[in-house]
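Structural overview for review
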Amino acid sequence: MGKLNIVQAINLALAEEMERDPNVVILGEDVGRDGGVFRVTEGLLERFGPERVLDTPLSELGIVGASIGMAAYGLKPVVEIQFMGFSYAALEQVFSHAARIRSRSRGRYTCPMVVRTPYGIGIKAPELHSESAEAFFCHMPGVKVVVPSTPYNAKGLLVSAIRDPDPVIFLEPTRLYRAVKSEVPEGEYAVPLGKAEVHQEGGEITVVAWGTMLHRAMEAVEGFDCEIIDLQTLKPLDEETIINSVKKTGRLVIVHEATKYCGLGAEIAALVSEEAMVYLKAPVLRVAGPEAVIPMARLEDEYMPSAGRIKKALELVMEY
Amino acid sequence: MGKLNIVQAINLALAEEMERDPNVVILGEDVGRDGGVFRVTEGLLERFGPERVLDTPLSELGIVGASIGMAAYGLKPVVEIQFMGFSYAALEQVFSHAARIRSRSRGRYTCPMVVRTPYGIGIKAPELHSESAEAFFCHMPGVKVVVPSTPYNAKGLLVSAIRDPDPVIFLEPTRLYRAVKSEVPEGEYAVPLGKAEVHQEGGEITVVAWGTMLHRAMEAVEGFDCEIIDLQTLKPLDEETIINSVKKTGRLVIVHEATKYCGLGAEIAALVSEEAMVYLKAPVLRVAGPEAVIPMARLEDEYMPSAGRIKKALELVMEY
Amino acid sequence: MPLKTIGKFEIKNLQVLDEKGEADPALMPGLSDGEVKKAYEAMVLARTFNSRALSLQREGRLGTYASIRGQEASQIGSALALEKEDWIFPSFRESGVFVARGYPLWLIFKYWMGDERGMKVPEDQFIFPMSVPVSTQIPHATGAALAMKLKGHKKVAAVYFGDGASSRGDFHEAINIAGVFRAPVVFLCQNNQWAISVPRSKQTAAETIAQRSNGYGIEGIQVDGNDFFAVYRATKEAVDRARSGEGPTLIECFTYRLDDHTTADDASRYRTKEEVDEWTHRDPLLRLKLFMEKKGLWTEEYGKEADKKAAEEVDGAIKEAESYGAPDPADIIGYTYGELTGRQKKELKDLGWES
Amino acid sequence: MPLKTIGKFEIKNLQVLDEKGEADPALMPGLSDGEVKKAYEAMVLARTFNSRALSLQREGRLGTYASIRGQEASQIGSALALEKEDWIFPSFRESGVFVARGYPLWLIFKYWMGDERGMKVPEDQFIFPMSVPVSTQIPHATGAALAMKLKGHKKVAAVYFGDGASSRGDFHEAINIAGVFRAPVVFLCQNNQWAISVPRSKQTAAETIAQRSNGYGIEGIQVDGNDFFAVYRATKEAVDRARSGEGPTLIECFTYRLDDHTTADDASRYRTKEEVDEWTHRDPLLRLKLFMEKKGLWTEEYGKEADKKAAEEVDGAIKEAESYGAPDPADIIGYTYGELTGRQKKELKDLGWES
Ligand SMILES: Cc1ncc(C[n+]2csc(CCOP(=O)(O)OP(=O)(O)O)c2C)c(N)n1
Ligand SMILES: Cc1ncc(C[n+]2csc(CCOP(=O)(O)OP(=O)(O)O)c2C)c(N)n1
Ligand SMILES: [Mg+2]
Ligand SMILES: [Mg+2]
């Protein structure tokens, strides 16, 4: 197969899963004829036909709600929400139904569906095209949340998400879509949900990040002895990998784009101060978005955690 | 006035504010003729008429969205959402608009509105009548989140919320509605937003709670030397009061009903491990809901943090 | 270049059986005497279940309950027009639908006693758990219908919701999508005139809910919801159309909620006794009984027998529901995901819920 | 007890000016020659603004932009029918509306350059910032209109949205509520036939968007959206009705998006050149020009003059927009709340954004 970018890797995962399982269907706005605004579903309508790839009306609540019925009936819908900022209309369907139908029916009905959506700052598009609201979904028992960071794990994680028996929110960092290329084997392989990856080993500071911020962190750690953890799955969290790393390093810096207050970084910091406090040599720092609305294009780079801000945090924890 | 319960205190606050400011209007399902399913708005339609108290169609998205237009135009809408579990359809309007219109228009337009909703486990009603999703709103820059715990602060906080220039989510613990009574002065007084209250002074453990869980905590602390902080405002957080207390006690236990993962307790724990870690003598513990959907009536008491579970946490931190 | 009419539309109301029990032979659905009796007995059973649920609630043996009295024809007339393999998506006020499907009564009691196990739907039943958030179940029906169509199954999805539900976005988006894909789904609006204290006239400025269908390019009709035959006929036609690929239908059952909204409500705060009395005379059971009497299908003794059988069945169900063991706290966590998460295993231990 | 018709409804289409520029005198709105010229000039200005925005984007001097070419009559014809104090709630594709309101052009450029200050609406303008999430602005208009009514102000709210927006719950809930309270609001659907790659025919199975009005018990009409006079007339009538307390109207402007969805889109992937060409001949500016020529209101020289004035105004606006200083990072935080929170003050310090 050779080197692919994330758009191509996801497209390949979708194609292979649709080949493998006739119950996998794709629906969303502009996913068919147009191949999706990021071209992630390009060619799939032509290949699998309009029964498997549905161009829907402009109706986020409706298509997510309908997917719940489809999933309960026996399909495996993969919904595309054009941008995360437009998923909010569907939050009730995800939280009140997708996340609860298994428990509500004591297992009689389940909801194996995937909601894919481009996420984060990245393409200088208009307002609400740069959202990082992963914490909402992380606070919903019954859903899983996944964020790839490379073409390799993008494919492997999406395969796992599609095969998962429960609803999975699959967040695709727009900034990385075409920015990273890597070897992506064709055919069978899955990156398991619920497992973080130690992206780089190190001894003095544990850095936890995901998606775009993983790459930011990699720029920043140079000159420090950092262990970088790529969460991959934000919920359920791979607590063990984080805690073991912190027990080793005694220092933790978490990086995310979303506003800091009640972001996922808070949970990770809380987890560590609950389970590994005695190992901590320095305060746990979060490098995250400020308490503000994500700005439009002109200011978005200022909003986003920069390598410089991450470096500052690393220096700070090293003072202890 | 004498002793009132929380329902009466909120009703009084609404009446007095409507008296004071002709721009204050109430809208929601069954808030008029019926006086609200909890009777919080009882008598207001009769007193202020159908131009000030609007019985709306069953339309959470619509009434919250309409309130944004009303607020921008110059009214001060106080919306009632019948139960927090039904506010999810309005999340997009709150997050994408109410929270952003000031910043989007660089201050030309603002959104001074209050969304009141009964919240938490308490009345053994059907599914989705016992939600504790405060963390969603806490993660939205541009909104404020308030939870009263007594009739006194219920009135004072609501007055402040109505007078606030920004959107305020006002969460009313159903379990406390008629369970607590206290002196509530008539007329002018406001409990400021953004200030927590040290409900009880103590030296060895800081216990942070709000709403129903404040009362649970009070049952549990007996026999321990606890400083109990009633947050009152969940966003923006009174960081100073929490940190000063932890610097004094060196131990922190946070109690909330919501599922633990990415709940507000995580933010408080993270804040402390960032700002006051060196003062900590023990791990920061969160006593919260498990990773599960809030169950129906038969099991709701098991789900909710019990005095026993809180005690266990207090004992645990005292081992350090 | 004129002001020209580009579309014309009519909305119809169907009544087959009048309040005196006279049926219009031209409109009568083809039902055997046996089927008519079965329907009557289901309506009696539903009403018996309902009144016992209300008294159990008063005795503190059951939680908040939403009464269906007055809506038996709307619920049972429509449910009986579906095949066993068709899927049903009910709201929280659909006891009659469960009864018509032969759903184990003790499970329905169990559910209203606040126990999720009541909605652990038996494998041979194709009904979704009741949806508490109003209207949110409507898109599920559209999705299931789409799945049936995509899989080439000749099945139909039917979804129940109220007049209040018609004001929500879910209603709109779900029906519009169903229209676009011609999904085999029947939208059954139980217009019982009230959404708690809000009358239909304040729910929308439109004359009927049925006329919304035109805005989605689908079939629509209003039926007398207290007329078993009208409801059955309209639903059967809609189901047949859906099954044969002709797309969705919106049916407005014009009926009335005779009791309080739920046991937690006091309807006397917002509606008059006169209004309720007037509708009490339109009782759907009474109407079917009058018809059957004329046909010689209903006799004093048959009536007694039917009441007795219903009472016995309901008694048995209550005994079963109450004898059933208490729920296991571990189940709070156990059904969240297909497998327990690490955190959940820890929580089960910490909470002492391990088995 | 029959199958009886209980409601009849007709949907009309209004055209005043045909493609040859012939107007139906009986339907012509009462506009002075001066007003017609003003309208034409606004349309020219809007188109000039639009084409310059597109070229700036290609040169990398402006961000993603949504072209309005082809929709000038729909936008300007409706906006000019409103009074200065009426409130407007636009979507992201409403440059023509801003132009018609005399909104400072340089601010619109600024906005599309990715700068919030472009939507710091001048105090004498009553237009909301563009709404990016499709359809979400519709409830705001209903609310503002309700506020106008409650305060006894004789004003009207007008909201613009597309054909795609009509599939969303916001559309439904906002219009239904407006109907119930007879709020003074005009719902202006810019049906430009496409929602990115999704054609109107796949957006809903209904023949028209206008016929949805019947489902809400409000007035509705479809107008030729490339006919300035038809749009103006229908909007004026709706605005007058609203202002005099007769409630809301849904107007479907039947028009066409001649360019790509946005500068990030390539429409050739999903629609034919033939279709676009056909609509190019229905150009709303051309049509108004033909009419004015016949009336002697348009001459070569007048046309040149109008183009020149527009070009100069747009040039000036671009210069202004580009000369304007860079935004202050502190503003990211500064406008979140009426006052800075403690955390925000700390963040301003940590980020070195304090002034
Ligand atoms: C989304 C939502 N909002 C509010 C409620 C509270 N509530 C329960 S039933 C009801 C009225 C429902 O009216 P209708 O749709 O006509 O159904 P009915 O109760 O008459 O059967 C309301 C407001 C709810 N359950 N869900
Ligand atoms: C809620 C929402 N979903 C998706 C999008 C992405 N998007 C932007 S414009 C558009 C199509 C809108 O179509 P229409 O309403 O007809 O307006 P038009 O673009 O034709 O003016 C889509 C899907 C969005 N902005 N908001
Ligand atoms: Mg009803
Ligand atoms: Mg369009």
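Just so you know, these numbers come straight off a predicted model, no measurement behind them.

Both copies of the chain are related through a single rotation about an axis accompanied by a shift along the same axis. Overlaying chain C with chain D gives an RMSD of 0.0 Å, the required rotation being 180° about an axis along which the chain moves by 0.0 Å. Taken together, these values place the two copies in the relation of a two-fold axis. If distances are taken from each C-alpha of chain C to the rotation axis, the shortest is found for G169(C), at 1.8 Å. Of the residues that chain C buries at the interface, 100% are likewise interface residues in chain D, meaning the two copies contact each other through the same surface.

Residues and elements named next belong to chain D. Around the magnesium ion (ligand 4), the protein contributes the donor atoms D163 (OD), N192 (OD1) and W194 (O), which lie 2.0 to 2.1 Å from the metal centre. As a motif over one chain, the donors of the magnesium ion (ligand 4) read D-x28-N-x1-W. Of this pair, D163 sits in the loop between β3 (157-162) and α6 (169-181) while N192 is found in the loop between β4 (185-191) and β5 (194-195), placing the two residues 29 residues apart along the sequence.

The next point concerns the interface of chain C and chain D. On the side of chain D, 45 residues touch chain C, which itself brings 45 residues to the contact. Across the chain C/chain D interface, buried area totals approximately 3,600 Å², and carbon plus sulfur atoms make up 53% of it. On inspection of chain C and its partner chain D, the count reaches 2 salt bridges. A salt bridge links K8(D) to E10(C); the nearest nitrogen and oxygen atoms lie 3.2 Å apart. The tally of links from chain C across to chain D stands at 29 residue pairs in polar contact (both at pLDDT 80 or more). The set of elements that each furnish at least two residues to the side of chain C that touches chain D consists of β1 (3-14), α6 (169-180), α7 (200-203) and β7 (219-224) of chain C. Here the side of chain C that touches chain D takes 12 residues from β1(C), the largest share from any one element. Residues that form the side of chain C that touches chain D fall into these classes: 16 nonpolar, 18 polar and 11 charged.

It is worth spelling out the sheet that holds strand β9 (residues 197-200) of chain A at this point. All names here are of chain A. Here we have 5 strands laid out as an open sheet, ordered β9-β11-β10-β13-β14, and mixed in their pairing. Two strands in the sheet have a free side with no partner beyond their single neighbour: β9 and β14 (285-289). Averaged over all adjacent pairs, the angle separating strand axes in this sheet is 25°, with direction ignored. As paired elements, β9 and strand β11 (residues 226-230) share 3 bridges and run antiparallel to each other. Bridge pairing links Q200 to I228 in β11. Against the sheet, helix α12 (residues 307-318) engages β10 (205-209), β11, β13 (252-259) and β14, with an angle of about 165° to β14.

This part covers the pairing of strand β13 (residues 252-259) of chain B. As a general feature of sheets, a regular strand has side chains that alternate between the two faces. All names here are of chain B. Within β13, 8 of the 8 residues are buried, which leaves the element mostly enclosed by the surrounding structure. Of the pairings in the sheet, the one linking strand β10 (residues 205-209) to β13 comprises 3 bridges and is parallel in character. Looking across to β13, one finds that V208 is bridged to I254. Here β13 runs beside strand β14 (residues 285-289); their pairing, made up of 4 bridges, is parallel. Within the sheet, the bridge partner assigned to T259 lies in β14 and is G289. Handedness of the β13-helix α10 (residues 264-275)-β14 crossover: right-handed.

This brings us to the state of the cysteines. All names here are of chain D. Following the criterion strictly, the structure yields 0 disulfides over all chains and no others. No disulfide involves C189; its sulfur sits 7.7 Å from that of C253, the nearest cysteine. The buried category is assigned to C189, whose relative accessible area is 0%.

The subject of this paragraph is the pattern of salt bridges. Close approach of charged atoms lets side chains of opposite charge pair. Applying the stated criterion to the full structure yields 104 salt bridges over all chains. A salt bridge links E172(A) to R116(A); its shortest N-O distance comes to 2.6 Å. Within this pair, whereas E172(A) is found in strand β7 (residues 168-173), its partner R116(A) is found in strand β5 (residues 114-119), the two being separated by 56 residues in sequence. Each of the two residues, E172(A) as well as R116(A), counts as buried. Where salt bridges share partners, they join E239(A), E267(A), E274(A), K260(B), R286(B) and R343(C) into one cluster.

Glancing now at the sheet that holds strand β7 (residues 219-224) of chain D. A sheet is described by the order of its strands in space; here 12 strands give the open sequence β2(C)-β3(C)-β4(C)-β8(C)-β7(C)-β1(C)-β1(D)-β7(D)-β8(D)-β4(D)-β3(D)-β2(D), paired in mixed fashion. The open sheet has two edge strands, β2 (87-89) of chain C together with β2 (87-89) of chain D, and neither has a second partner. On average, each strand axis in the sheet is tilted by 20° relative to the strand beside it, whichever way the strands run. Judged from the 6 bridges that link them, β7(C) and strand β8 (residues 249-254) of chain C form a sheet pairing that is parallel. The residue of β8(C) that forms the bridge with I221(C) is I251(C). The sheet strands contacting α6(D) are β3, β4 and β8 (249-254) of chain D, and the helix crosses β4(D) at an angle near 150°.

Right, let's get into the site of ligand 1. Looking at ligand 1, there are 20 residues lining it, with E60(B), R93(C), D163(C), G164(C) and W194(C) nearest. Mapping the residues near ligand 1 onto chains gives chains B and C. Here an oxygen atom of ligand 1 and a side-chain polar atom of R93(C) are 2.7 Å apart. Here an oxygen atom of ligand 1 sits 3.0 Å away from a polar atom, N or O, in the main chain of A165(C). Protein chains bury 96% of the 570 Å² of accessible surface belonging to ligand 1 in isolation.

Time to look at the site of ligand 2. Surrounding ligand 2, one finds 20 residues, the nearest of these being E60(A), R93(D), D163(D), G164(D) and W194(D). This site is not confined to one chain, since residues near ligand 2 come from chains A and D. The separation between an oxygen atom of ligand 2 and a polar main-chain atom of W194(D) is 2.8 Å. H261(D) places a polar side-chain atom, nitrogen or oxygen, 3.5 Å from an oxygen atom of ligand 2. With the chains in place, 96% of the 580 Å² that ligand 2 exposes on its own is no longer accessible. Residue classes in the shell around ligand 2 are distributed as 10 nonpolar, 5 polar and 5 charged.

Residues and elements named next belong to chain B. Interaxial distance between helix α9 (residues 239-249) and α10 falls to 10 Å at its minimum, and their mutual angle equals 60°. Classed by the angle they form, the pair α9 and α10 counts as oblique. Where α9 crosses over α10, the two elements pack in a sense that is right-handed. For the pair formed by α9 and α10, the contact residues are E239, I242, I243 and V246 on the first element and I268, L271, V272 and E275 on the second. Among the residues forming the contact of α9 with α10, the class breakdown is 6 nonpolar, no polar and 2 charged.

Let us now look at the interface of chain C and chain B. In this assembly, 40 residues from chain C lie in contact with 38 residues from chain B. Across the interface of chain C and chain B, roughly 3,200 Å² is buried in total on both sides, 57% from carbon and sulfur atoms. Area buried by chain C at its contact with chain B is led by R269(C), I332(C) and R343(C), which between them contribute 21% of it. The partner of D34(B) in a salt bridge is R269(C), and the shortest N-O contact between them spans 3.3 Å. Counting across the chain C and chain B interface gives 12 residue pairs in polar contact (both at pLDDT 80 or more). Elements with a minimum of two residues in the side of chain C that touches chain B: α4 (105-112), α7, α12 (330-334) and α13 (342-350) of chain C. A total of 4 residues in the side of chain C that touches chain B trace back to one element, the largest contributor, which is α13(C).

Locating C138(B) in the fold gives a position in helix α6 (residues 134-138). Sequence-wise, C138(B) and L237(B) are 99 residues apart; in three dimensions their C-alpha atoms are separated by 9.4 Å. Contact partners of C138(B), with chain neighbours within four places excluded, come to Y261(A), C262(A), V145(B), L234(B), K235(B) and L264(B).

Let us look at helix α12 (residues 307-318) of chain B. Here α12(B) is 12 residues long and its end C-alpha atoms lie 16 Å apart, about the 16 Å a rise of 1.5 Å per residue gives. The inward-facing, buried residues of α12(B) abut β10, α8 (212-220), β11 (226-230), β13 and β14 of chain B.

All told, the structure shown has 57 aromatic pairs over all chains when counted by the stated rule. Here the aromatic rings of F38(B) and Y177(B) are separated by 4.8 Å at their centres, their planes lie at 45°, and the arrangement is tilted. You can see F38(B) sitting in the loop between β2 (24-28) and α2 (44-48) and its partner Y177(B) sitting in the loop between β7 (168-173) and β8 (181-183), a full 139 residues away along the chain. One exposure class covers both F38(B) and Y177(B), and it is buried. Judged by centre distance (5.8 Å) and plane angle (45°), the rings of F254(D) and W279(D) are tilted. In this pair, F254(D) is assigned in strand β8 and W279(D) in helix α9 (residues 273-280), connecting sequence segments 25 residues apart. Here F254(D) falls in the partly exposed class, since its relative accessible area comes to 28%. Joined through ring pairs, the aromatic side chains of Y73(A), Y109(A), W87(C), F89(C), F126(C) and F128(C) make up one cluster. Above the face of the W298(C) ring, K289(C) is positioned so that its terminal group lies 4.4 Å from the ring centre.

Reading the values: rules and limits
Residues numbered from 1 in each chain as written. Chains lettered and ligands numbered in written order. Predicted model: local features only at pLDDT ≥ 70, side-chain atom pairs only at ≥ 80, totals over all residues. Heavy atoms only, no water. Least-squares fit on C-alpha atoms with pLDDT ≥ 70 in both. Contact = heavy atoms within 4.5 Å. Donors = N, O, S within 2.8 Å, 3.2 Å for Na, K, Ca; no water. Helix = DSSP H or I, 4+ residues; strand = E, 2+ residues; numbered from the N terminus. Buried area = accessible area lost by both parts, 1.4 Å probe. Salt bridge = Lys/Arg side-chain N within 4 Å of Asp/Glu carboxyl O. Polar contact = N/O pair within 3.5 Å; in protein donor to acceptor, adjacent residues only side chain to side chain. Nonpolar A, V, L, I, M, F, W, Y, C, P; charged D, E, K, R; others polar. Pairing = 2+ DSSP bridges. Axes fitted to C-alpha atoms, helices over the stretch in contact; angles between N-to-C directions. Buried < 20%, exposed > 50% of the residue type's maximum accessible area, 1.4 Å probe, protein only. Right-handed = clockwise from strand over helix to strand, strands pointing away. Disulfide = S-S within 2.5 Å. Near = heavy atom within 4 Å. Areas by Shrake-Rupley, 256 points an atom, 1.4 Å probe, with all protein chains shown as cover. Parallel < 35°, antiparallel > 145°, perpendicular 65-115°, else oblique. Left-handed = near helix turned anticlockwise from the far one by under 90°. Expected span 1.5 Å × (residues − 1). Phe/Tyr/Trp six-rings, centres within 6.5 Å; stacked < 30°, edge-to-face > 60°. Lys NZ or Arg CZ within 6 Å of the ring centre and 35° of its normal.

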